[in-house]
Structure formats: structure tokens, C-alpha cells
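Chain by chain, the residues:
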Amino acid sequence: YVWMRTPRGLGSWEFFDRVRDDANVGGTPGAGFGPAGEGYLRLSAFTSRENVTEALERISRAFAS
């Protein structure tokens, strides 16, 4: 798994919604894993390295503005 810290003080559910809507990337809000997961988004690494890299690039572009 790849755990990403949410940017700009976004909660994990808010970040999840924006990543899904703006970058077309699926993940799991960290809050679903308990209080220590809040502030993170979990991406699955059970895919090719290229797919993970593409997902991270999409997220980066979506939050660049």
C-alpha cells in the first residue's frame, strides 16, 4: 500500500472525494482505519508500478492549482 498524507489540512474523507472527482483515482480514506489513519489516503500497490506512478501524477496535477 501507499499511504499519502492529505494536503492543506484536508480530512481523509474530503481528500478521498477530491482525488476521486478531480484525479479519477480510487483510494481508501485513512479514517476507516481508526484515529491514527485520519489525515491519510491509502492507495493500493497491488497493481503495476506504472499504474501507481500514473495515479500519483494525476493526484499531483489535480492539486497543483
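As the structure is a computational prediction, the values presented were derived from the model and not from experiment.

Scoring rules and cut-offs
Residues numbered from 1 in each chain as written. Predicted model: local features only at pLDDT ≥ 70, side-chain atom pairs only at ≥ 80, totals over all residues. Heavy atoms only, no water. Helix = DSSP H or I, 4+ residues; strand = E, 2+ residues; numbered from the N terminus. Rg over C-alpha atoms; globule rule 2.2 N^0.38 Å. Buried < 20%, exposed > 50% of the residue type's maximum accessible area, 1.4 Å probe, protein only. Contact = heavy atoms within 4.5 Å. Areas by Shrake-Rupley, 256 points an atom, 1.4 Å probe, with all protein chains shown as cover. Axes fitted to C-alpha atoms, helices over the stretch in contact; angles between N-to-C directions. Parallel < 35°, antiparallel > 145°, perpendicular 65-115°, else oblique. Nonpolar A, V, L, I, M, F, W, Y, C, P; charged D, E, K, R; others polar. Pairing = 2+ DSSP bridges.

Visitor: Account for the overall build of the protein, naming residues and giving values.
Guide: Helix and strand counts for the protein come out as two helices and three strands. Radius of gyration (C-alpha) of the protein: 11 Å, near the 11 Å computed for a compact globule of 65 residues. Dimensions of the protein, computed from C-alpha atoms along their principal axes, come out at roughly 30 × 30 × 15 Å. Across the 65 residues of the protein, 32% fall into the buried class. Pairs at least 24 apart in sequence give 56% of the contacts found in the protein among residues at least 6 apart. Summed over its atoms, the accessible surface of the protein is roughly 4200 Å², and 52% of this surface lies on carbon and sulfur atoms.

Visitor: Quick rundown of the packing of helix α1 (residues 12-23) against helix α2 (residues 49-62)? Include the residues and the values.
Guide: In the contact formed by α1 and α2, the axes pass within 9 Å of each other and the chain directions differ by 100°. On the basis of the axis angle, α1 is roughly perpendicular to α2. Residues F15, V19, D22 and A23 of α1 form the contact with α2, whose participating residues are R58, I59 and A62. Considering only residue class, the contact of α1 with α2 consists of five nonpolar, no polar and two charged.

Visitor: Outline the sheet that holds strand β1 (residues 2-5), supporting the account with residue identities and numerical values.
Guide: Strand order in the open sheet formed by three strands is β1-β3-β2, with antiparallel pairing between adjacent strands. The open sheet has two edge strands, β1 and β2 (28-29), and neither has a second partner. Bridging between β2 and strand β3 (residues 40-43) involves two bridges; their strand directions are antiparallel. Looking across to β3, one finds that T28 is bridged to R42. This element, α1, spans β1, β2 and β3 of the sheet and lies at about 50° to β3.

Visitor: Could you give an account of the environment of G11, with specific residues and numbers?
Guide: Looking at the element boundaries, G11 is found in the loop between β1 and α1. Dropping the residues within four chain positions of it, G11 is found in contact with T6 and E38.

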